Amino acid sequence: MVICFFSTQYLPTPGGVERYTWNLARRCVAAGHRALVVTASLPGLPARERDADGIEIYRLPSWPVMGGRFPVLKPLADADDLWAQGIDFAVIQTRMYTQSVWAARQCKRRGIPALVIDHSTGYMLHGGLAGALGKAYEHAACGSIRRCGFPFYGVSGDVCRWLKTFGIQAAGRLPNAVDPAELERLAHADNAVDWRRRLNVPADGRLVAFVGRLIPEKGRCGWLRPCRAFRAVRWPWRAPAPRRPLWPRWAAVSMRWGHCRMSRSSSC
C-alpha cells in the first residue's frame, strides 16, 4: 500500500506531532508499505527527498506565519507528482492547518480514504482580536474538514472531548506514546549520557525525567506531585521555551518532603 501522512509540521522541526508522524511512517515502511509524508517547506531543505528510514518526504511551498508555528500553504502549490503516486490511504494530522483543509478536500475529490488525528485540547490563540479571529478560523477550518466525511480520532480522551466543541464525535483514540524498546536502545547507545553522574545524583537517589513544554496546558507543577511520596527526588527537564514564561528554559528541580525547589542547570 501507499500510505500518505499529511503533517504540516514535520522533522527536523521538534515536536510531538512530528515524531508521532515519523514513527507511524517508518513502521509502515518496515511493514513493507510505501510511506509518504507531506509537510510544509523549510529553508535549506529540498522539496523532495527520501530519508534514511525510506520515508518519501514532499515539502509544499508555504508561508512561515507566526514565526513558522503556523505554516500556510501557498495557493496553487504544485502537487501533481504527489497525486501521481497512487495513494491508497491518507492520515491527516491536526485539524487547524490550511494544509489539513486542502488535504481533506483533495482526498475527498480523488476518492482516497482517510482519517484525521487531532492533538489539541484548546484554541490556538487566546484573548483579544487575534483570539477571536483565530477561534473563528478554527471553527471554519474544522467544519470544512468535517464536511469531507472522514472519521476523526484524538490522541487522548481530552482531545476527543475537545472535538465536541466543533460538533465532532471522535471515532476513537489513537494515543501517542513512548516506545520502551527505543528508550532502552538510546539508554545503551555509545553516546548515551550518564545523567545520574552528570547531575551528581547519589547511588540511592531517585532520578525522574520530564520532557515537554512548560506551559499551563501541561498542568504546571502537577507532574511533580507524585514525588511527594519520596524523601528526595531530583528532576531534570528539557523543554523548548514556552510561549509564556513560567520557569527557566533549562532547569533542575529538587523535591524534598513535597516542597518544590527549582534552580537553573546548564547540564539539563
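Here the structure is shown first, and the text comes after it.
These remarks concern the structure in this document. (Residues numbered from 1 in each chain as written. Predicted model: local features only at pLDDT ≥ 70, side-chain atom pairs only at ≥ 80, totals over all residues. Heavy atoms only, no water.)

## Quick notes on the environment of R147
Relative to the helices and strands, R147 is located in the loop between α4 (128-146) and β9 (152-154). Take R147: its relative accessible area is 57%, and that puts it in the exposed class. A sequence separation of 42 residues divides R147 from R105, and the C-alpha atoms of the two residues are 9.1 Å apart. (Helix = DSSP H or I, 4+ residues; strand = E, 2+ residues; numbered from the N terminus. Buried < 20%, exposed > 50% of the residue type's maximum accessible area, 1.4 Å probe, protein only.)

## Some details on the pairing of strand β8 (residues 114-118)
Summarising burial for β8: five of the five residues are buried, a large majority. As paired strands, strand β7 (residues 89-93) and β8 are joined by four bridges and run parallel to one another. Bridging across to β8, A90 finds its partner in A114. Viewed along the sheet, the connection from β7 through helix α3 (residues 98-110) into β8 turns out right-handed. Since β8 and β9 lie parallel, the crossover through α4 that links them has a hand, and here it is right-handed. (Pairing = 2+ DSSP bridges. Right-handed = clockwise from strand over helix to strand, strands pointing away.)

## Let's talk about α4
Look at α4: 27 Å from first C-alpha to last across 19 residues, which is about the 27 Å you get at 1.5 Å a residue. Those residues of α4 not exposed but buried are G131, G134, E138, A141, C142, G143, S144 and I145. (Expected span 1.5 Å × (residues − 1).)

## Comments concerning unusual backbone geometry
That bond from L11 to P12 is cis: its omega, 15°, falls within 30 degrees of zero. Its place among the elements puts P12 in the loop between β1 (2-6) and α1 (16-30). We note that L76 has phi near 60°; this positive angle belongs to a residue other than glycine. Along the chain, L76 falls in the loop between β6 (70-73) and α2 (80-83). Even without being a glycine, N200 presents a positive backbone phi close to 60°. Here N200 lies in the loop between α7 (195-198) and β11 (206-207).

## A short note on the pattern of salt bridges
Pairing between side chains of opposite charge can happen when the charged atoms of each approach one another. Per the stated rule, a full pass over the model turns up nine salt bridges. For E49, the salt bridge identified is with R59, shortest N-O distance 2.7 Å. Of this pair, E49 sits in strand β3 (residues 48-50) while R59 sits in strand β4 (residues 56-60), and the two are ten residues apart along the sequence. Taking the relative accessible area as the measure of exposure, E49 reaches 29% and is therefore partly exposed. (Salt bridge = Lys/Arg side-chain N within 4 Å of Asp/Glu carboxyl O.)

## Brief notes about the side chain of S144
With respect to the helices, strands and loops of the structure, S144 is situated in helix α4. Leave out the neighbours within four places in its chain, and S144 touches V101 and R105. (Contact = heavy atoms within 4.5 Å.)

The analysis is restricted to geometry; functional conclusions fall outside its scope.
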